[in-house]
Amino acid sequence: MASDISLAVADGDSVTTTDSTTPDSVSHLTDSTTAGPVTTTDPLTAIGIQTLSQADVEHERDRADQAERQVEIEWQLVEEGRKRIDELQASLADERRRIDGLHTELADARTMAMISGSEAAVLRTQLTLLTDERRRPWWQRWFQ
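Worth saying up front: this structure is predicted, and the values here are computed from it rather than measured. (Residues numbered from 1 in each chain as written. Predicted model: local features only at pLDDT ≥ 70, side-chain atom pairs only at ≥ 80, totals over all residues. Heavy atoms only, no water.)

A. Structural detail: the overall build of the protein chain. When helices and strands are counted, the protein chain shows three helices and two strands. The secondary structure elements of the protein chain, listed N-terminal to C-terminal, are β-β-α-α-α. When the accessible surface of the protein chain is totalled, it reaches about 13300 Å², and 59% of it is carbon and sulfur. (Helix = DSSP H or I, 4+ residues; strand = E, 2+ residues; numbered from the N terminus. Areas by Shrake-Rupley, 256 points an atom, 1.4 Å probe, with all protein chains shown as cover.)

B. Summary view of a nonpolar patch on the surface. Side chains of Val 71, Trp 75 and Val 78 sit close together on the surface and give an oily, nonpolar patch of about 280 Å² of accessible area. If you trace the backbone, Trp 75 turns up in helix H2 (residues 43-135). (Patch = residues over 30% accessible without salt bridge, like charges linked within 9 Å, V, L, I, M, F, W, Y side chains within 5 Å. Salt bridge = Lys/Arg side-chain N within 4 Å of Asp/Glu carboxyl O.)

C. Summary view of the pattern of salt bridges. All chains considered together, the criterion is met by six salt bridges. Its salt-bridge partner being Arg 61, residue Glu 58 comes within 3.1 Å of it at the nearest N-O pair. Of this pair, Glu 58 and Arg 61 both sit in helix H2, three residues apart, which is roughly one turn of the helix. Glu 95 serves as the salt-bridge partner of Arg 98, at 3.4 Å between the closest nitrogen and oxygen. Of this pair, Arg 98 and Glu 95 both sit in helix H2, three residues apart, roughly one helical turn. Judged by relative accessible area, Arg 98 falls into the exposed class, the value being 53%. Looking at Glu 95, the relative accessible area reads 37%, which means it is partly exposed. (Buried < 20%, exposed > 50% of the residue type's maximum accessible area, 1.4 Å probe, protein only.)

D. Representation of a negative patch on the surface. On the surface, a cluster of negative charge is contributed by Asp 62, Asp 65, Glu 68 and Glu 72. Along the chain, the position of Glu 68 falls in helix H2. Accessibility expressed as a relative area gives 48% for Glu 68, which makes it partly exposed. (Lys, Arg positive; Asp, Glu negative; His and termini not counted. Charge placed at Lys NZ, Arg CZ, Asp CG, Glu CD.)

Purely geometric stuff here, so don't read any function into it on its own.
What follows is the structure in structure tokens.
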């Protein structure tokens, strides 16, 4: 089965060819053939590809710069957070020392209250003895 193939060439000439290849013979011919690299000699296409490549490179550089700035900002935030943690830990240690001091003062105050209570009991006992002694008649005090 013959087919006419018409090709348009880049310079404007057209080429017509008659081929006697059948569809069955085409499939096994194309299976074993590998395509070569496509090259273009059109200067506008080359400039366009280069421009796109440069734009892609610039875009990726911008993205990398932005990511680097973001990493720097996040590191600053981490450092600020660490400083704040250190400040809070120092404040916590100060407050714990203050609480320990208050516990000591409370224990001292309770001890003083117990001593004062004991002293008050002694004074009440002495007062009772003295009061009872005065209430007794004078002759009972003499003859004891």
